[in-house]
Amino acid sequence: MSTPTAAVSPTLTRLAEERATGVLVRDHGALYLSDGQVVHAESPAAPGLDVLLIAGGRLGRTGWDDAVARAGARREVGRFLVDSGQVTGGELELCHLAALHDAAFFTLGPAGGPTRFRYGVAHWMGSIRPVPAADVAREASRRRGLLEALWPYPGVDTAPLRPAPASPGASRRQRALLALADGVRTPPAIARVIGRPAFNTLVEVRRMAAAGLVETPPDPACTPRARLPDWVPDFSDDPDIALLRRLRDALEASL
Amino acid sequence: MPGIDECLLQAMVVPGARGATIVDWTSGLALGAIGESPGGDVEATAAETAEMARMATEYRSFSPQAAQPPGEAPARQGTGAKGLPVEDVIVTTSSGYHVMRFVETTFDSSVFLHLWLDRDTGNLALARLRLADIAERLVLA
């Protein structure tokens, strides 16, 4: 890809150059670096490795908790999971890379707030398959471009998933998402239930929105806000006294 | 403990192998790569092969349950992806072969192995069998 690697976060580039070890924290997540390479990433928007492995039934919650309890202190949870035969090396690498790039995508987002770095911090997961920081940054920016190219309405990413009245053309993996759309769950929430990376879920959601399979909510940033008619602001902004009285009476009666 | 790199190395031992990658076909991400890449750009190749693989899995014509009415196809969730709809996608060109083998995992994933072979030294039937074996060993103990 021709995107300049430095565009996403100059701090990350600098940390990679100085082969820093520690954690980079922004508003939407954290990247753990070891010797300038990204070894782990976490974001509240992205299901963690535990969610991905447990939702599919590959691993039990107790197996995970046990691994964290026994190998967390020496920061070798990943290795412990493999050595104790709970997952294979290939599975762990595939799943962990998916989780890493997923969390990095949200962490390195454009409105991610200030970037802070704390030197010397290591994650208890341990090193599984380090990724060069430049690769992580480039992938995050490629992902943003991909979503934009699929359907340039970011509103679908965070609104509750609402299937359009008739959605017959959905693929197998899309139907799995639609089956969990209850009018409340947002795409990241569905990703968590199904144990699929949030970005992969967003890709499917944008594709479905582009195909008319799910509704695209009106984007407040894109639609010019209609001006209120002049008589509206003239209304008194006093609260409804009668309603408040009734509420008070009801509350008193229930005490 | 076979991992991504071991599997890629095994793929390169297949006669005629020029390059191999492991790709997530939903995101288009190359999870690992070895050897050459057509056009010299691993990421571009990953994105293109991902699109190809995705289409193969989504078209109803290629689905083993094609005879079922569309509404009755079970939505699989939480039980792993047992029984992938497509095993592999094969493209032959005048100078090479491309074999894309889907990897079946117990967790929700969309991963395939892509092996690029030289037309003269590669054996398509052999490569397909070897790649199937490698894809299975990637996730099995």
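Please refer to the structure higher up on the page.
Throughout what follows, the structure given in this document is the object of discussion. This structure is a prediction, so every number in the text was calculated from the model and none was measured.

### Concerning the overall build of chain B
Working step 1: When helices and strands are tallied, chain B shows three helices and five strands.
Working step 2: Taken from the N to the C terminus, the helices and strands of chain B come in the order α-β-β-α-β-β-β-α.
Working step 3: Expressed as a percentage of the 141 residues in chain B, the buried residues total 48%.
Working step 4: Excluding contacts between residues fewer than 6 apart, the proportion of contacts in chain B whose partners are at least 24 apart in sequence is 54%.

### Concerning unusual backbone geometry
Leave glycine aside and you will find that most residues have negative phi; peptide bonds, for their part, are mostly trans.
Residue and element names in this part refer to chain A.
Working step 1: If you check the backbone angles, R19 has positive phi at about 50° while not being a glycine.
Working step 2: Taking relative accessible area as the criterion, R19 reaches 53% and is therefore assigned exposed.
Working step 3: Residue D35 is not a glycine yet carries a positive backbone phi of 55°.
Working step 4: Examined against the element boundaries, D35 turns out to sit in the loop between β2 (29-34) and β3 (37-42).

### Some details on helix α9 (residues 187-194) of chain A
All names here are of chain A.
Working step 1: Looking at α9, one finds that the buried residues are P187, I190, A191 and I194. Considered in projection along α9, the buried side chains sweep an arc of 105° and stay on one side of the axis.
Working step 2: Residues of α9 that are buried sit in contact with α2 (49-55), α7 (155-158), α8 (172-178) and α10 (198-210).
Working step 3: In the segment just after α9, G195 is the residue with positive phi, at about 75°.

### A look at the pairing of strand β1 (residues 22-26) of chain A
For a regular strand, the rule is simple: side chains alternate between the two faces of the sheet.
All names here are of chain A.
Working step 1: The buried count for β1 comes to four of five residues, which makes it a mostly enclosed element.
Working step 2: Pairing geometry for β1 and β2, over five bridges, is antiparallel. Its bridge partner lying in β2, G22 is registered against L33.
Working step 3: Between the antiparallel neighbours β1 and β2 lie two residues.

### Quick notes on the side chain of A:R26
All names here are of chain A.
Working step 1: Within the secondary structure, R26 is located in strand β1.
Working step 2: Buried and without a salt bridge, R26 has D27 as its closest oppositely charged side chain, separated by 7.3 Å.
Working step 3: In terms of polar contacts, R26 uses its side chain to reach the backbone carbonyl oxygen of G109, at 3.1 Å.
Working step 4: A polar contact of 3.1 Å, which involves the side chain of R26, links it to the side chain of T115.
Working step 5: Excluding its chain neighbours within four sequence positions, the residues that come into contact with R26 are T107, L108, G109, P110, G112, G113, P114 and T115.

### Describing the pairing of β2(A)
All names here are of chain A.
Working step 1: Burial analysis of β2 places five of its six residues in the buried class, the great majority of the element.
Working step 2: Sheet topology places β2 next to β3; five bridges connect them, and they run antiparallel. Note that in β3 the partner of L31 across the bridge is A41.
Working step 3: Where β2 folds back onto β3 in an antiparallel hairpin, the turn is made up of two residues, including D35, whose phi is positive at roughly 55°.

### With respect to the interface of chain A and chain B
Working step 1: Across the contact, 41 residues belong to chain A and 41 residues belong to chain B.
Working step 2: Here chain A meets chain B over a buried area of about 3,300 Å², counting both sides, of which 53% is carbon and sulfur.
Working step 3: Linking chain A to chain B there are five salt bridges.
Working step 4: Taking the shortest distance from any N to any O, the salt bridge between A:R138 and B:E43 comes out at 2.6 Å.
Working step 5: Taken together, the links from chain A to chain B amount to 12 residue pairs in polar contact (both at pLDDT 80 or more).
Working step 6: Those elements that provide at least two residues to the side of chain A that touches chain B are α2, α5 (89-107), α6 (133-150), α8 and α10 of chain A.
Working step 7: Ranked by residues supplied to the side of chain A that touches chain B, first place goes to α5(A) with eight residues.
Working step 8: Per-class residue counts for the side of chain A that touches chain B are 18 nonpolar, nine polar and 14 charged.

### Regarding the sheet that holds β3(A)
Residues and elements named next belong to chain A.
Working step 1: One open sheet holds the five strands; their spatial order is β4-β1-β2-β3-β5, and the pairing between them is antiparallel. Each end of this open sheet is capped by a strand with a single partner; those strands are β4 (116-119) and β5 (131-132).
Working step 2: In this structure, β1 lies alongside β4, joined through four bridges in antiparallel fashion. Bridge pairing in β4 places V23 opposite R118.
Working step 3: α5 rests against β1, β2, β3 and β5 of the sheet, and its axis sits at about 75° to β3.

Rules behind the numbers
- Residues numbered from 1 in each chain as written.
- Chains lettered and ligands numbered in written order.
- Predicted model: local features only at pLDDT ≥ 70, side-chain atom pairs only at ≥ 80, totals over all residues.
- Heavy atoms only, no water.
- Helix = DSSP H or I, 4+ residues; strand = E, 2+ residues; numbered from the N terminus.
- Buried < 20%, exposed > 50% of the residue type's maximum accessible area, 1.4 Å probe, protein only.
- Contact = heavy atoms within 4.5 Å.
- Arc of directions from axis to C-beta.
- Pairing = 2+ DSSP bridges.
- Lys, Arg positive; Asp, Glu negative; His and termini not counted.
- Salt bridge = Lys/Arg side-chain N within 4 Å of Asp/Glu carboxyl O.
- Polar contact = N/O pair within 3.5 Å; in protein donor to acceptor, adjacent residues only side chain to side chain.
- Buried area = accessible area lost by both parts, 1.4 Å probe.
- Nonpolar A, V, L, I, M, F, W, Y, C, P; charged D, E, K, R; others polar.
- Axes fitted to C-alpha atoms, helices over the stretch in contact; angles between N-to-C directions.

Just distances and angles here, no functional claims.
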